[in-house]
Every structure is written in C-alpha cells, then in structure tokens.
Amino acid sequence: MSTLVECVPNFSEGRDKAKVDAIVEAMKRDGVYLLDREMDSDHNRCVITLVGEREAIQEAAIRGVGKAAEVIDLTQHQGAHPRMGAADVVPFIPIDGVTLDDCVAMAKHVGAEIWKRYQVPVYLYEAAAATPERQGLENIRRGQFEGLREEVKTNPARQPDFGPEFSKAALHPTAGATVVGARKALVAYNVFLNTTDVAIAKKIAKAVRQSSGGFRFVKGAGFLVRGLAQVSMNLTDFEQTPVHRVFEFVKREAARYGVSPLSSEIVGLIPKKALEDAAEWFLQVENFDSSLILENRLAAVMSGKMAVGGLRAGVEPFVEQLAAPTATPGGGSAAAAAGAMAAGLAQMVAGMSRGKKAYLQYEAQLSEAIAKLGPLREELKASIDADAEAYNLVMKAYKAARENPDSGETEIDAALKQATAVPLSVAERSAEVGRIAVSLREVSNPNMKSDLTTAGALARAAVEGALANVEINLESLKDVAFVAEVRSRVSELKG
C-alpha cells in the first residue's frame, strides 16, 4: 500500500527567485514530487507544495528548512505576512496509506532533526501540539520573530519543543524558529475587495475568524496586497466550514461598509472536493454526487473502487463467485469480507463524528479508532484472496503427495498451517474491529447506532466463520505444538 503524504512548507521569501530556487533544489528527492510553488512579493512569502512517500518527504522537508536557514536572514526581512522563521511553518497532511497520527509522528521526527542538524528551534502545532495552547499557529507565532526572540529568553511558556535548555534559550540568530505539525488539508483562500481601505478588510477578517467569534475552522487577517484591501484566510477544515459559505459571509460583511469582493485567489493547491461542494452550492444541482463528474467516475472505475451500475454492481461479482459451484472463494473469504465491511462501517461512524462540536471531547479516542481501523480494513480485504489462495495450496499439496508420497506429508502440513493461519488472523482482526465498534457507541453520533450494530454483527460473523475454518484445518494437522498454540489463541477469542 502506498504512503503518500503532502507537505506544504511556507518560507519567508517571496521576492528573490534565486533563493526560492535554491530551497526547492535542496528538497529534491527520489519519491518526492513538486506540485506547486507560489511567491508573493507583498507578503514576502512562498508556499511550496510537495507530495511523496512517507520517508522521502520527511528528509525533503528537513533539507528545505536547512537551506532556508542558510539563505534567508529574518533580521532583514519585511513583508505583510506574520512570520517567525526563515522556514516559517512545515505541515504534514495525510493523503493515502497514512493517518493523521502517522503525520504527527513524522512531525516530531522532523522537528527533532531540524534542531539537531541546523540548531533551528522547533515548535509543534495542530495535531502534533503537546498542549492545547499550541494547536493554533497564531498562538505560537505571537510577537513574530522580533517579539519571540526576546520573550523566549525569559518566559518558560514560550520555550520550543525542540531547542536549547531554558538557561540558554534563544532563537536562531537569522533563521528564527520553525513550526512543524500535522493537520488535515487546508485551503488558503484570499478575497480582494474593491477598496484600498485595509481597515475594512481587518474588520471583515475579525468577523469571519473563529478566534473572535466567527466561523469555526477559519483563521483570518486583513492586509493591503497589490494595492487592494485583502481578507486573507486559512480554512483548516473545508468540509466543516466550506469555501462558498465563507465567501458569501465576506460578501455580506463587505456590503455593510459599502464595498464588495472584486476577486478571490487560492494560494497553493485546493482539494477537488472543496470545489465540488462550491459548485453544488452555487449551481443548486439537485441530488448532486461527486460520481456524476466524468473524471471522478473514470478514476473510480479504473481503480476498481467503483463499478458502473451502483453499489450492487460493485459487490455482485464477488457474491456470484461465492454462489458458483467451485471451492473458492468460500466461507473463509466471505468471513474476511464481512470483517472488512465491519471495519469500514466503524471507520465511517468515527470519521463522521470526529471534528463535530458535540464530540470534541472524544477527538483523541475517535482519531485512535480511525488510525486502527484503516489498517485492519486493508488487512482483512487482503485476506479475501489470501484465504482462497491458501485453500488452493492445500489442494495442490494433496495432489503432489499422490504423485510423490515421500515428500508429500511435509508439503501438506505446510499448506495446512498456512490455511489455518489466514482465517485465524481474520478472526483476531475481526474481533478487534468488533471491540472498537463497541467502544465507539458512547463517543459517536447516536443517530449512527444502527451502523455500529451492523458493524458488530458483521464482525461476530467474521470471527465465527473464520474460526470454523481454523477448526477444520486443525483436525488434519500433525504438528502438536502448532495445534496447541492455535487452540490457545482460539480460546482467547472465544473467552
């Protein structure tokens, strides 16, 4: 399974192309791809968007910070955007095959390496933050480079997560400090107003941002950019607070001051779903579904994640194979499929509850459940084929034994052990899925109780069916020690 991670480092340089080129060059690694680079001279800031394999992208980020510390001098830096480091902020975002918790671990590793290699202090933010106060980037960056440079010497609360001990506290003399973290996909979205009065933009930003009573998951500030007042915003969860809702609010607030939006811009990249949601809202399309988009449907069908004809078309081939008068796929594959479906349902419930205001107190528990259920689901899906393959190996071993009795017993025993290990693994993983589903009942949306009930029933069926396959194979095994170990594990599952 791939492990794609996005990294969007922001560097405090938006005017000198040669310096940005040097930073980008330093981040080049096999397995890391440059998706976008944006320079803004007014903000004096550049945003680089990378995506790559988990290990490679960590090293790319570390080297990018090192090069920024070499070529950027914050004592000479001026720009509209707040900053505290040459490499100001380095977030990791899960894309495929990794969880937010995985990105937290990555952020901590990268932070430690940045301090170790370059003596640039590091603060952890968002999901990687050690304390609630440091989840918000604006709290860490308060006072910017100049203010933090002085305060860190006397205030223990401003000490970095990776850096010198308090008695020697200091920022890097020219590179300041870097903020590293893990978060969901963020939309950097700016709205230009048809006025030069930046005071209006600041008032609108205050009204729209969460910290002063506006929308949750929105951070905002007002700037004068390219001769126009700009409301600059970060949407940290565009699914909870979508782009179109924010734009309409800014538009209404602007009307209070007799101005209106002139245009808007996206800094960096934006998830496709954010634009799909905006299109649905503004066009008022009835019964809109992202699968109606040609490119989405094509990608889903080609990847095997969707079949033309709806959900039934996707599952029907497997059901028909089960019904066919052949030995495989059989009960073991069906048990694995049931376990995978149980994991999928439980993950859906946890995912739809996490981030909602009513369940914020359970955020850590929901995140932990999601982090466990994803790999369990993938392992159980893989077992659908693995069980059928294990049975076929047993049949092949029996056939070989008929042709060569001298070596046949060894081959049969090895094949039977494999045919026992696969369903035993299915039973253990399905049991874990069932336990997680039960734990979610008290921390998730009660309206989804029926989904968890179904998940629990599927998990139990998977355990019972898989153990039946284990028992069948144990009857033919000659290895007493192996049989005893398996029976002990089966007892734990039944107990």
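Residues numbered from 1 in each chain as written. Predicted model: local features only at pLDDT ≥ 70, side-chain atom pairs only at ≥ 80, totals over all residues. Heavy atoms only, no water.

**Looking at the overall build of the chain**
If you tally the helices and strands in the chain, you get 15 helices and 11 strands. In terms of principal-axis extent, the alpha carbons of the chain reach across some 85 × 55 × 40 Å. Taking all 495 residues of the chain together, 44% fall into the buried category. Long-range pairs, those at least 24 residues apart, make up 72% of the contacts in the chain between residues at least 6 apart in sequence. As displayed, the chain has an accessible area near 24,300 Å², and 53% of this comes from carbon and sulfur atoms. The average position of the 58 basic charges and that of the 64 acidic charges among the side chains of the chain differ by 6 Å. (Helix = DSSP H or I, 4+ residues; strand = E, 2+ residues; numbered from the N terminus. Buried < 20%, exposed > 50% of the residue type's maximum accessible area, 1.4 Å probe, protein only. Contact = heavy atoms within 4.5 Å. Areas by Shrake-Rupley, 256 points an atom, 1.4 Å probe, with all protein chains shown as cover. Lys, Arg positive; Asp, Glu negative; His and termini not counted. Charge placed at Lys NZ, Arg CZ, Asp CG, Glu CD.)

**Considerations on the packing of helix 1 (residues 17–26) against helix 2 (residues 54–71)**
In the contact formed by helix 1 and helix 2, the axes pass within 8 Å of each other and the chain directions differ by 150°. As the angle between them shows, helix 1 and helix 2 are arranged roughly antiparallel. Regarding helix 1 and helix 2, the two cross each other, and that crossing is right-handed. For the pair formed by helix 1 and helix 2, the contact residues are Lys-19, Ala-22, Ile-23 and Ala-26 on the first element and Arg-63, Gly-64, Lys-67, Ala-68 and Val-71 on the second. (Axes fitted to C-alpha atoms, helices over the stretch in contact; angles between N-to-C directions. Parallel < 35°, antiparallel > 145°, perpendicular 65-115°, else oblique. Left-handed = near helix turned anticlockwise from the far one by under 90°.)

**A closer look at the pairing of strand 8 (residues 187–193)**
By the criterion of burial, strand 8 is predominantly enclosed, with 7 of the 7 residues buried. Bridge count between strand 8 and strand 10 (residues 228–235): 6 bridges; the pairing is antiparallel. Note on strand 10: the bridge partner recorded for Val-191 is Val-231. Examined bridge by bridge, strand 8 and strand 11 (residues 261–267) share 6 bridges and lie antiparallel to one another. Of the residues in strand 11, the one forming a bridge with Val-191 is Ser-264. (Pairing = 2+ DSSP bridges.)

**With respect to helix 6 (residues 198–208)**
Of all the positions in helix 6, only Ile-200, Ala-201, Ile-204, Ala-205 and Val-208 are classed as buried. Considered in projection along helix 6, the buried side chains sweep an arc of 135° and stay on one side of the axis. Structurally, helix 6 contributes buried residues whose contacts are with strand 8, strand 9 (218–225), strand 10 and helix 7 (243–256). For helix 6, the capping residue at the N-terminal end is Asp-197, with a side-chain oxygen 3.0 Å from the backbone nitrogen of Ala-199. (Arc of directions from axis to C-beta. Polar contact = N/O pair within 3.5 Å; in protein donor to acceptor, adjacent residues only side chain to side chain.)

**Regarding the environment of Lys-251**
By the secondary structure assignment, Lys-251 is in helix 7. Judged by its relative accessible area of 42%, Lys-251 falls in the partly exposed class. Separated by 150 residues in sequence, Lys-251 and Ala-401 have C-alpha atoms that sit 78 Å apart.

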